[in-house]
Every structure is written in C-alpha cells, then in structure tokens.
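This is what each chain is made of:
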Amino acid sequence: MTGYIVRKSLLMIRRHFKVHLLFALQTAAGIAVIYACLTLQYSTAAQYREIKKEIGGVVWEVNVVSERPSDRPPLDYAQYARLKERFPEAEFPFCIVRTVYYTTDGTEIRTGRLLYASDDFLRVVLDADRPGFERGSAAYAGGGMRGLLEGRYRLIHGHMPPAAADGADGSGAEADAELAGGLAVLPMEELGAGRTRFTHHHLENVPLEQIALLPLASYYPSFRPEEAGMFQLSVRFGPGADEDAAIAGITEILGHMLEWGGEDYHFVVGSAGERLLSGYAEIRAGASAAGIIAGICLATVLIGLAAVAQILFLRRRRAFAVCSALGARKAVLFGEMLLEIALPSLMGGLLGAAACSWCLTAWVQVPPIRQSPAVMAAAAALALAPGMLAACALAPGFRRLRPIEMLRRDQA
Amino acid sequence: MTASPSFLLMSILQNLRAGKRTTALLILGFAVGWLLPAALLASARHELFALRDRTMPDARRIIRLEELPGLSPPSVRDVARRSEAEMFAILRDLDPGVESVSFRSEYRGILSDGRSYRFVQIQSVDPAYTELFRQYFRSGGITGEGRACVVGTGLSAELWGGSGIGRNIRAGAVFCTVTGETGVQDRRVMIVETEEGSYRGWTQFFVKVKENADTDRILGKIRQAAGNDWKVERMDEVERREWSNTLAAYAAAILISLATLLFALLNIGNIMGLMVRERRKQHGIRLALGARPRTIRAELAGELIVVTTASLLLVFAVLLAVRPLAERHVFAMRLDPAVMLSVFAFNLLICCAAGLVLTRRLRKPDIVRLVREVE
C-alpha cells in the first residue's frame, strides 16, 4: 500500500507540475526568510550568552571625574555604607591610595603607599577576613611603613594621616605605639593575608612590605580636593549573581553616586566595564528584536504557505470524495494528500535553506553571522509544517466526505 | 454586448459569497504575503528619512577632525596632548576662509529622569553643530532659558514611550531640560553646551569653509596644525564611507527583504493561479454559452481587486495596531501615504501582470480544452 501511495503521489505531482513547482518555489522563499531570521537570532543569542558569561564575576571599576573643585569627597563613608546596605549581595573592594616617600637613614629614598581600605578590599584582594576593619582602629603595616607610621623614619614627600603625622617627623616616635588618633599599627604578618604581593590593577606586583593598610573611615578627616581623582570604587557581584541584576545594580550604584556627587563629580566605569554595560543592553535588545522578527516571519510564512496548501486541496475535495465512494480508504487518500504536499515542500525547504546559507556567508558580515547545521535542518524541516497544517485543517472534512451530495451540488 | 458594471459587481459578490472559505483563505494568504514586505518598506522609508536627515548638505565644505585614541582612558586627560579648547582656538583663527567651527564630544554615562537610571551615550555639542545637518530636530529645538538637551527619538520612545520634551533629566553630571528630539543620533542624549571649553570624552570638530574651492587648501593647513593626535578628513568622503558601511550593516535586512518580497510575489502568483484554475471549467462553459472573454477577465479582475484591497487594508490595520510595540522593541516604521500607495500600486501591478498571464487561455478556440483540463 505504501508503494501505491508513493506512486500515486508522484503521479499527481507530475500531473500538477506547475502548481507544485510554484508552491515549492514559494516554500523556498519562505524558508529562506525563516532561516535568515533564525540565523540572525541564533547569532545574536550566542553573542548575548557570551557577554552574560563575561559579566559573571567581573569587577566593575568606578572612576571619578572631577567636574569642578570641591571640598567634599566623591563618596564619603556614610554614602559608602548606604551602598553596602542597599546592595548586600555586592562586594565593594574599595581603597584610596596615597603615595609617600620616606628615608630610613637619610641617604636612601623609599616609596611607600598608604592604603585606606574597606573590609571587602582585604577579603577580595588580600584574602584576609577582618570584619569591622574599615571603621576600626587597627592598621597593618609592612616593615618600612611601620617605621614611618611610628615615627622612626623620616617622611620626605607625601601626606600622612593626622593621627600619624605627629610622630612622622621622628620626634615623637614610640616603639609599638598606639598613635595619637587611636590607630594601633600592627605588623603586616598579623593580617594573615593570603599573598605577599598585590595583583590589583594599579598596585600590580607591589609587595605588601611597602604598604600600610589603614581603615577606610580614617581617610575622610584628611580629605584634600586634589585627591578626588584617586577614588576608585570597585564593585563585584557574587559569581552566582544574575547578570541582569548585576547590570541593573551597577547602573543604580552609578546613579546614586551621581546624585550624591551633585554637579561636582561625574563617575565613569572602566573601559572593560563600559564595554559590557553598553554592549549588554545593545546585544540584549538586538537578540530580543531578532527573536521577535524570527517569530513573526515564522508565523506569517507558515500561515501564508498553509493557506495556499489548503486552497490547493480544497479544489480536490470532489475528486477525493469520488475516490472514497468508489472504495478508496480515507486513510490512503489522506496519506496521498500529505505526501503530495510534503515532497515539493521539502524540496523547496532544502533549496531555500541552502540558498540562504550561501547568501548569508557571501554577503552578510554585520552582525557576525554564526550558522548552525541544527538551525538549517530545523528550517528545512519547517517546510513540512504548512502542508501538515493544511492537511490537519482538512482532516475533519475527510471524515465527512459526502460524494453524492457533492456531485449533486455540482449538477445544480 | 458588454456586461454592465452592476452585473459585474453582482457576479463578483456572488462568486465571493459562494466560496466563503476560499475567499477567507485568499484574503489571509494575500495579507500574510504582504505583511512583511509592507513592514519592511515602512521601516526602509523610516531609515531613508533618518539617513536624509543625518546628511550634511554642505559636506563638500566641511572638514572633520577626529580625536585619535591616546594611551590614557577617555576619562583621563593626557597632559602631553593638545587640549580640545586649544585645538578649537587654533581652528577658529586658522584661516579667514573658515566660516565656523563646531564640536561634538562623546562619552558614556548615566541618564536619570528621577525615576530610573540608564547607561547611555552622551554627547556634548555646540548649537552650531545642529545646523550642519539637513534636519537635526524631529521635534522641538534648542529653546528655553536653562540648560537644554536633545534626546534621540529611539531612546525617548524606549524610556518614556513617546516624546520626552519638557522633562528634566540628568545626563552624567549635567542637569538639563529636554527641549528637542532628533533622529540623527536616535539612541543618544545631546547636551547643548553654551560655554566654550565644555569638552568631555572623545571629541570631533567640524570646520565649515566659506568657499568650496578653499576646502583642500584649508584641509592641508588643518593637517599641519593638528599633528598626529587628530584624524582630518573631508566630510563628503566621510559620508561616502559611512554610506557604504550602512549598506554593509543593512545587508542582512536587505537579504531578508528580498526573500520576503520574492515570497510575497510567489504567494500572490500562486493564490491567483489557484483562483483561476478553480474556475476554468466554469469559464469554459460560460464562454461556450456566449460570454465574452473580456467580461470574464473583468469579473476576475474585480474579484482580485476586492480580495487584495481587503487584504491590504487588513495589513495596514495590523501594522498600525502593532506599530507602537514594534517601534519600541523591533524597528521603527514610517507608515505614511507614500508607503501605502506604493504597496497598493505595486500590488495592482503584480495583479495585472499575473492576471494577463493567467487569463491568456480565455480565448474562444480553447473552450473544450478549458473544460477538459479541469477533469
């Protein structure tokens, strides 16, 4: 029976060659549209996935651009605390760096850095968990810097915290001293840092020995307007954080900082973060637009083809009814109809997908096109859908074929 | 004897009523076939207008200087480079043939309207910059007493679902009032700088020359003055390059449009072919009974006009209904009478061509063949 159905279908296709050829061509054009849209959607979705992966775990560097001289800091401690409270899932490895030059014996000049750091900075950058450090009274310093803070070494150039300044000239140096402002200087070893050198952007490769870590809150009393540009807030959302939430979060943080900064400061994210921030919205919008276009194209092409296929079969209902009256099984007639529409559609689908694939490769470079055999196979397979839709729409009618009435209506 | 118009109309309506299901499918098929080409045509028209607006009519008299990227990030000023303010002063006093110098500085920052924050591209421009374009403003302009800014139409639609004129916003560190909308840079915010020296980020200068003949001479002088930190080009060359880049960027859209148009043409051809084939026997009998081929052709043409007009009206109704949503999420469209008339005219042309091809057999000697062919 299968052989009969195939032979009969092929015979009908040959008899209605022109109709089927045109239908196959229309299917080819339709599948080309679908394939082009699906490929665009696939390409933009792949880009979107990549940028999402890139966003996961990224550290956002927020830099300060001073619009006009101001005697208030770009981000004071209270504002920083509010950010921490508003975004509990985010980490703020925030530090302000002051470079100082000192001498130990009057001949050799050494460079040291005072790092006013947050708790998150210690945890993220130095692998040291010291909750409460940022507003506490403990400071950690490497050998040379400890000597400077305790007043054993002489400051050549730079700005010392007021608390330590009294002893920095060498006159008031006290061994193991608790400084005048209540800042206890502890040896760096007591911090229990997981590393001996920094790997953090502009402190890259600086040994901990040349650093003094001071609580973030202790910086603000000594803020000077010319130091505004040294503020660099880093923000990191947890590795498991949602990318959309991370983007919305950093945007909101920037918004809040701008509000607090008034017209004195403008904040910009580092170039890598900037690329992600602007690219993410663009790629997401592109991916969703491509998805919508692909969906609309798919729906319209399938409806258009299904309508043509249905008109094609509606005119053959009488012939089917007569065959049925003469003893042909309805299942066989239905199978014959399905095959008759499926073969030209499939041919058209394959042709359309292949031609479109070639055109995309040859002509389209923007956006970067990524073609997938799975998408191509899916588009070609979709060519069968209109015929199936039309056949399914006609199936209920097949059960109620009334040949005598049809012929009578014809005579009338 | 020629059939009267009322007879033809009655006959057409009767035919359509007799095959309601087929008529519905015909209308649906036609509408679906035209939906995408019509949408793409409307979008292409919008893009065409946008392109026209963003061209500079005096491009041959304009020289563009573009800041080349330095080693430091855009937010940090490189002290070794000549500053924008210095460059502006040099360009202004460079030659008596210089008519005007305008600038555009671009950077990224937060746009806040008091309710939400958005990371956008911000441009600082001087009022003369807006006058370089054929039509910079879609609506509004640089008016009002406070700091004025202009928002791109796309950004405005996305943020506020329509016009943003009159809103107080903050773009980066600048508070301003939206006084105009532009299609030239439709996803950006432009801050109109009234003071000299308000440069932020990456800067471009546009030097307008008084006479065409002086352009190359002044170009040479500017190249000498600008050194290696600035890329200096004639604006007409830039526009030509941008045009070919735009074409490359739209290659995918053009490919989809062509495939869609082909689909629509084949759809119309197939539907008309099936419509005519279905009636062949009827036409043969009517011809045998004395009907004139012209009457049958007129009847077919009338039916087609009714069906396609209904389909196209459906298409435009759908497009008008989904336009706000489409403009917000997919692409902008310009559904003006020109687009509608073009679609109608194109459809009529295709229908006429297809009708002539499909009814060429309606001749007296082929009557028996016509009747037999259906069987």
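Predicted, not measured: the structure shown is a model, and the values here were computed from it.

Visitor: Requested: an account of the overall build of chain B, with residues and values cited.
Guide: Of regular secondary structure, chain B possesses 12 helices and 10 strands. In terms of overall size, chain B is more extended than a compact globule, its C-alpha atoms giving a radius of gyration of 30 Å where 375 residues would be expected to give roughly 21 Å. Dimensions of chain B, computed from the C-alpha atoms along their principal axes, are close to 95 × 50 × 35 Å. Restricting to contacts in chain B with at least 6 residues of sequence separation, those with at least 24 account for 78%. Roughly 17800 Å² of accessible area belongs to chain B as shown, and the carbon and sulfur atoms make up 59% of that amount. Separation of charge centres in chain B, based on 51 positive and 39 negative side chains, amounts to 14 Å.

Visitor: For the overall build of chain A, give the residues involved together with the corresponding values.
Guide: The number of helices and strands found in chain A is 13 helices and 10 strands. Taken over the C-alpha trace, chain A has a radius of gyration of 37 Å; the compact-globule value for 412 residues is 22 Å, which it surpasses by more than 25%. Seen through its C-alpha atoms, chain A measures out along the principal axes to roughly 125 × 35 × 35 Å. When contacts within chain A are restricted to residue pairs at least 6 apart in sequence, those whose partners lie at least 24 apart make up 79%. Between the averaged position of the 40 positive side-chain charges in chain A and that of its 41 negative side-chain charges there is a distance of 26 Å.

Visitor: Quick one: what's the story with the side chain of B:R61, residue by residue and with numbers?
Guide: Residue and element names in this part refer to chain B. Residue placement: R61 occurs in the loop between α2 (20-54) and β1 (62-67). Classification of R61 by relative accessible area gives buried; the value is 17%. Polar contacts involving the side chain of R61 include one to the side chain of E99, which spans 3.2 Å. Ignoring any residue separated from it by four or fewer positions in sequence, one finds R61 in contact with E99, V207, K208, V209, K210, E211, N212 and T215.

Visitor: Which residues make up the state of the cysteines, and what are the values?
Guide: What the rule picks out here adds up to one disulfide over all chains. Residue B:C149 pairs covalently with B:C176 via a disulfide, S to S 2.4 Å. Between B:C149 and B:C176, the S-S torsion sits near 85°, and that sign places the bridge as right-handed. Of the two residues, B:C149 sits in strand β5 (residues 148-152) while B:C176 sits in strand β7 (residues 174-182), which places them 27 residues apart along the sequence. By relative accessible area, B:C149 is classed as buried at 0%. Cysteine A:C297 is unpaired, with the sulfur of A:C37 as its nearest cysteine sulfur at 3.3 Å. Residue classification places A:C297 among the buried residues on the basis of a relative accessible area of 2%.

Visitor: If you had to explain the pattern of salt bridges to someone new, which residues and values would you point to?
Guide: All names here are of chain A. Counted according to the given criterion, the structure contains 43 salt bridges over all chains. E50 is the salt-bridge partner of R370, the closest N and O atoms lying 2.8 Å from each other. Remark: E50 occurs in helix α2 (residues 17-55) and R370 occurs in the loop between α10 (330-363) and α11 (373-382); sequence separation between them is 320 residues. Taking the relative accessible area as the measure of exposure, R370 reaches 29% and is therefore partly exposed. A relative accessible area of 42% means that E50 is categorised as partly exposed. As a salt-bridge pair, E150 and R152 come within 2.8 Å of each other at their nearest N and O atoms. We classify R152 as partly exposed; its relative accessible area is 44%. Salt bridges sharing common partners tie together K84, E91, D120, R123, D129, E134, R135 and R236.

Visitor: Mind laying out helix α1 (residues 2-15) of chain A, listing which residues take part and the relevant values?
Guide: All names here are of chain A. Its 14 residues give α1 an end-to-end C-alpha distance of 20 Å, which sits within 8% of 20 Å, the value for a rise of 1.5 Å per residue. Taken as a whole, α1 has its buried residues at I5, K8, S9, M12 and I13. One side of α1 carries all its buried residues, which in axial view fall inside an arc of 140°. Residues R7, R14 and R15 are exposed on α1 and point more than 90 degrees away from its buried face. Residues of α1 that are buried sit in contact with α2 and α10.

Visitor: Residues and numbers for the nonpolar core, please.
Guide: One finds A:V33, A:M337, B:F30, B:W34, B:M272, B:V315 and B:L319 to be the most contacted residues of the largest nonpolar core, which totals 79 residues. With 13 residues, the top contributor of residues to this core is helix α8 (residues 251-278) of chain B. Discounting chain neighbours no more than four positions away, the residues touching A:M337 are A:F313, A:F320, A:A391, A:L394 and A:F398. In terms of nonpolar packing, the next biggest core, distinct from the first, is built from 58 residues, A:L214, A:F223, A:A246 and A:W260 among them.

Visitor: Would you mind going over a nonpolar patch on the surface in detail, with residue names and values included?
Guide: Residue and element names in this part refer to chain A. On the surface, a nonpolar cluster with roughly 440 Å² of combined accessible area is contributed by F17, L21, L22, L25 and L351. Sort the elements by how many residues they give to the nonpolar patch and α2 lands first, with four residues. Among the structural elements, F17 can be located in helix α2.

Visitor: Can you tell me about the interface of chain B and chain A, naming the residues and giving the values?
Guide: Between chain B and chain A, the contact holds 44 residues from the first and 57 residues from the second. Taken over both partners, the interface formed by chain B and chain A buries close to 4500 Å², and the fraction arising from carbon and sulfur atoms is 71%. If you sort the residues of chain B by the area they bury against chain A, B:Y117, B:F263 and B:L274 come out on top, with a joint share of 14%. Counting the contacts that link chain B with chain A gives one salt bridge. Going through the elements one at a time, α2, β2 (98-112), β3 (117-125), α7 (235-249) and α8 of chain B are the ones with two or more residues in the side of chain B that touches chain A.

Visitor: How would you explain unusual backbone geometry if you had to name every residue and give the values?
Guide: Even without glycine at this site, A:D127 takes up a positive phi of about 55°. Relative to the helices and strands, A:D127 is located in the loop between α4 (119-126) and β5 (138-141).

Visitor: Account for the packing of aromatic side chains, naming residues and giving values.
Guide: Within the structure shown, the criterion is met by 25 aromatic pairs over all chains. The interplanar angle of 15° and the centroid separation of 6.1 Å between the aromatic rings of A:Y102 and A:Y153 together place this pair among those described as stacked. In this pair, A:Y102 sits in strand β3 (residues 95-103) while A:Y153 sits in the loop between α5 (143-149) and β6 (154-157), placing the two residues 51 residues apart along the sequence. The pair formed by A:Y102 and A:Y153 is uniform in burial state, with each residue classed as buried. Ring geometry for B:F133 and B:Y136: centres 5.5 Å apart, planes at 40°, overall tilted. With a relative accessible area of 2%, B:Y136 lands in the buried category. Put simply, the rings of A:Y77, A:Y80, A:F92, A:F94, A:Y116, A:Y219, A:Y220, A:F223 and A:F231 pair up and form one aromatic cluster. One cation-aromatic arrangement involves A:R152 over A:Y153; the distance from NZ or CZ to the ring centre is 5.7 Å.

Visitor: Describe the confidence of the model for chain A, with residues and values.
Guide: Residue and element names in this part refer to chain A. For chain A, mean pLDDT is 81; residues scoring 70 or higher make up 91% of the total. Summarising per-element confidence for chain A, the mean pLDDT is lowest in helix α6 (residues 162-168) (52) and highest in helix α3 (residues 77-86) (90). Confidence over residues 167-180 falls short of pLDDT 50; this stretch has 28 contacts with residues more than four positions distant or in other chains.

Visitor: I'd love a proper account of helix α11 (residues 337-358) of chain B, names of residues and values included.
Guide: Relative to the 32 Å expected for 22 residues at 1.5 Å per residue, α11(B) spans 31 Å between its end C-alpha atoms, a close match to the ideal helical length. Here the buried face of α11(B) lies against α2, α8, α9 (280-288) and α10 (293-329) of chain B.

Visitor: Hey, could you go over the pairing of strand β8 (residues 211-215) of chain A for me, with residue numbers and the actual values?
Guide: Residues and elements named next belong to chain A. In terms of residue burial, β8 counts as a mostly covered element, since five of its five residues are buried. Here β8 shows a buried face lined by I211, L213 and P215 and a second buried face lined by A212 and L214. In this structure, strand β4 (residues 109-117) lies alongside β8, joined through five bridges in parallel fashion. Residue pairing across strands places A117 opposite P215, the latter belonging to β8. Pairing analysis gives two bridges linking β5 to β8, with the strands arranged antiparallel. Looking across to β8, one finds that A141 is bridged to A212.

Rules used throughout
Note on numbering: residues in each chain are counted from 1, in written sequence order. Numbering of ligands from 1 and lettering of chains from A proceed in the order in which they are written. Whole-chain, interface and lining totals are the exception, using all residues; otherwise, since this is a predicted model, local features are given only for residues with pLDDT of at least 70 and side-chain atom pairs are given and counted only at 80 or more. The side-chain quantities take in all heavy atoms of the structure and omit both hydrogens and water. Secondary structure is summarised from DSSP: a helix means a run of H or I of at least four residues, a strand means a run of E of at least two, and numbering begins at the N terminus for each. Here the radius of gyration uses the C-alpha set of atoms, whereas the globule reference equals 2.2 Å times the residue count to the power 0.38. Here, residues are in contact when the closest pair of their heavy atoms is within 4.5 Å. Residue exposure ignores everything except the shown protein chains as possible cover, and the areas themselves are Shrake-Rupley values with a 1.4 Å probe. For this count, His and the chain ends are skipped, Lys and Arg are scored as positive, and Asp and Glu as negative. Each charge is placed at NZ for Lys, CZ for Arg, CG for Asp and CD for Glu. Exposed residues in this analysis have more than 50% of their type's maximum accessible area, buried residues have under 20%, and partly exposed residues fall in between, with area computed by a 1.4 Å probe over protein chains only. Polar contacts, as counted here, are pairs of nitrogen or oxygen atoms within 3.5 Å of one another; within protein the pair requires one atom able to donate a hydrogen and one able to accept it, and residues that are adjacent in sequence qualify only if both atoms are side-chain atoms. By convention in this document, the label disulfide applies to cysteine sulfur atom pairs within 2.5 Å. Each salt bridge in this description consists of a side-chain nitrogen of Lys or Arg and a carboxyl oxygen of Asp or Glu lying within 4 Å of one another. Expected span of a helix, by definition, is 1.5 Å for each gap between consecutive residues, and there is one gap fewer than residues. When we speak of the arc, we mean the arc of directions from the helix axis to the C-beta atoms. The term nonpolar core refers to a set of buried residues drawn from Ala, Val, Leu, Ile, Met, Phe, Trp, Tyr and Cys, joined through side-chain atoms within 4.5 Å. Patch criteria: residues need more than 30% relative accessible area and no salt bridge. Like-charged residues are merged within 9 Å; nonpolar side chains of Val, Leu, Ile, Met, Phe, Trp and Tyr are merged within 5 Å. Buried area is a sum: the accessible area each of two parts loses on coming together, probed at 1.4 Å, counted once for each and added. Between the rings of Phe, Tyr and Trp (Trp by its six-membered ring), a pair exists once the centres lie within 6.5 Å; its type follows the angle of the planes, with under 30 degrees stacked, over 60 edge-to-face, and the other angles tilted. Comment: the charge-over-ring label is applied if NZ (Lys) or CZ (Arg) is within 6 Å of the ring centre and within 35 degrees of the ring normal. What pLDDT reports is the predictor's confidence in each residue, on a scale of 0 through 100. Pairing between two strands is assigned when DSSP locates at least 2 bridges connecting them.

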